[in-house]
Amino acid sequence: MSERLEKIEKLKSKKLIDSLFISGKSVSKYPIRLIYKEITNNDLESQLQITVSVSKRNFKKAVDRNYLKRLLREVYRKNKYLVSDHTNRQFIFMFLYVGKDIFEYSELDVKMKKLLKKFIEQEIETLL
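What comes next concerns the included structure. (Residues numbered from 1 in each chain as written. Predicted model: local features only at pLDDT ≥ 70, side-chain atom pairs only at ≥ 80, totals over all residues. Heavy atoms only, no water.)

## Notes on unusual backbone geometry
Put simply, the rule is: Every helix listed is a DSSP run of H or I at least four residues long, and every strand listed is a run of E at least two residues long, numbered separately from the N terminus.
Residue Pro31 is bonded to the preceding Tyr30 through a cis peptide linkage, with omega at 10°. Mapped onto the elements, Pro31 comes out in the loop between β1 (25-29) and β2 (32-39).

Written out as structure tokens, the structure reads:
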């Protein structure tokens, strides 16, 4: 699997993003919250599609929000193999940065790994 974050892996459909908030499940590992939903009708071109959000309430400056979004996308990109190696199902993800402080890359990397492992464990439990 390629480590790139391809264009088809980016979630841009307003309809799918709305369905995430209506019927999605979530898992958290501070300062990141993952809202996810399984897609069963094969609408997705990719196995996983993601989007990232940082609250304007917590970070007033666009520079800070954009920096955190870039960090989250990069940390996910480096660790997406954790999900794709453990499931063949299709999911849409939204990563929300819920912290009020700016974390370093290395700290976010550790948190993302823990978050994705928590997601995998939760999904394996639902299969059993």
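## Details of helix α2 (residues 62-79)
What counts is decided by this rule: Between the first and last residue of a helix there are one fewer steps than residues, each counted as 1.5 Å, and that sum is the expected span. For each residue, the accessible area found with a 1.4 Å probe, counting protein chains only, is set against the maximum for its type, and the residue is called buried under 20%, exposed over 50%, and partly exposed in between.
With 18 residues, α2 ought to run about 26 Å at 1.5 Å a step, and its terminal C-alpha atoms sit 26 Å apart, in line with that. Of all the residues in α2, the buried ones are Arg65, Leu68, Leu71, Leu72, Val75, Tyr76, Arg77 and Asn79.

## Comments concerning helix α1 (residues 14-23)
So the rule is basically this: The arc in question is traced by the directions running from the helix axis to the C-beta atoms. Throughout, a contact is declared for two residues whenever any of their heavy atoms are within 4.5 Å.
Buried within α1 we find Leu16, Ile17, Ser19 and Leu20. Buried residues of α1 fall within an arc of 160° about the axis and therefore sit on the same side. Turned more than 90 degrees away from the buried face of α1 sit Lys14, Lys15 and Ile22, all of them exposed. Looking at the buried residues of α1, the elements they touch are β2, β3 (48-54) and β4 (90-97).

## A closer look at the pairing of β2
Rule in force here: Strand pairing is assigned whenever DSSP detects at least two bridges linking the two strands.
Summarising the sheet, β1 and β2 pair through five bridges and their orientation is antiparallel. Counted as the bridge partner of Lys29 is Ile32 from β2. What sits between β1 and β2 in their antiparallel hairpin is a turn of two residues. Where β2 meets β4, eight bridges bridge the pair, whose relative direction is antiparallel.

## Brief notes about the nonpolar core
The condition that has to hold: Among the buried residues, those of types Ala, Val, Leu, Ile, Met, Phe, Trp, Tyr and Cys that are joined through side-chain atoms within 4.5 Å form a nonpolar core.
Ranked by internal contacts, the top residues of the largest apolar core, which has 28 residues, are Leu34, Tyr76, Phe93, Phe95, Tyr97, Met112 and Phe119. For this core, the secondary-structure elements that each account for two or more residues are β2, β3, α2, α3 (81-84), β4 and α4 (105-127). For this core, the element with the highest residue contribution is α4, accounting for six residues.

## Some words on the side chain of Glu9
Definition in use: Within 3.5 Å is the distance limit for a polar contact, defined as a pair of N or O atoms, with the added protein rule that one can donate a hydrogen and the other accept it, and that residues adjacent in sequence qualify only through two side-chain atoms.
Within the secondary structure layout, Glu9 lies in the segment before α1. Here Glu6 takes part through its backbone nitrogen, which lies 2.9 Å from a polar atom of the side chain of Glu9.

## A word on the sheet that holds β2
Short version of the rule: Axis definition: a line fitted to C-alpha atoms, limited for helices to the stretch in contact. Angles are taken between N-to-C directions and run from 0 to 180 degrees.
Judged by pairing direction, the sheet is mixed, and its four strands sit side by side in the order β1-β2-β4-β3 without closing on themselves. Where the open sheet ends on each side, the last strands, each with one partner, are β1 and β3. This sheet shows a mean twist of 20° between the axes of neighbouring strands, independent of strand direction. Here α2 sits on the sheet and contacts β2, β3 and β4; the angle it forms with β3, its principal contact strand, is near 155°.

## Looking at the pattern of salt bridges
Formally: Think of a salt bridge as a Lys or Arg side-chain nitrogen and an Asp or Glu carboxyl oxygen that are within 4 Å of each other.
Per the counting criterion, the structure on display carries seven salt bridges. The shortest N-O distance in the salt bridge between Glu6 and Arg4 comes to 4.0 Å. Linking Glu74 and Arg77 is a salt bridge whose minimum nitrogen-to-oxygen distance equals 2.7 Å. Of this pair, Glu74 and Arg77 both sit in helix α2, separated by three residues, roughly a single helical turn. Three or more residues are tied together by salt bridges with common partners; here these are Glu38, Arg89 and Glu123.

## Here's the deal with the packing of aromatic side chains
Condition: Pairing of aromatic side chains requires ring centres within 6.5 Å, counting the rings of Phe and Tyr and the six-membered ring of Trp. Pairs whose planes differ by under 30 degrees are stacked, by over 60 edge-to-face, and all others tilted.
Evaluated as defined, the whole model comprises nine aromatic pairs. Here Tyr30 and Phe103 contribute two aromatic rings whose centre-to-centre distance is 6.0 Å and whose plane-to-plane angle is 75°, an arrangement assigned as edge-to-face. Note that Tyr30 is positioned in the loop between β1 and β2 and Phe103 in the loop between β4 and α4, a separation of 73 residues in sequence. Exposure remark for Phe103: the relative accessible area of 15% places this residue in the buried category. Both rings, one in Phe91 and one in Phe119, keep their centres 5.2 Å apart while their planes meet at 85°; by these two values the pair is edge-to-face. Of this pair, Phe91 sits in strand β4 while Phe119 sits in helix α4, and the two are 28 residues apart along the sequence. Of the two residues examined, Phe91 and Phe119, each falls in the buried class. One aromatic cluster is present, built from ring pairs that chain together Tyr36, Tyr76, Phe91, Phe93, Phe95 and Phe119.

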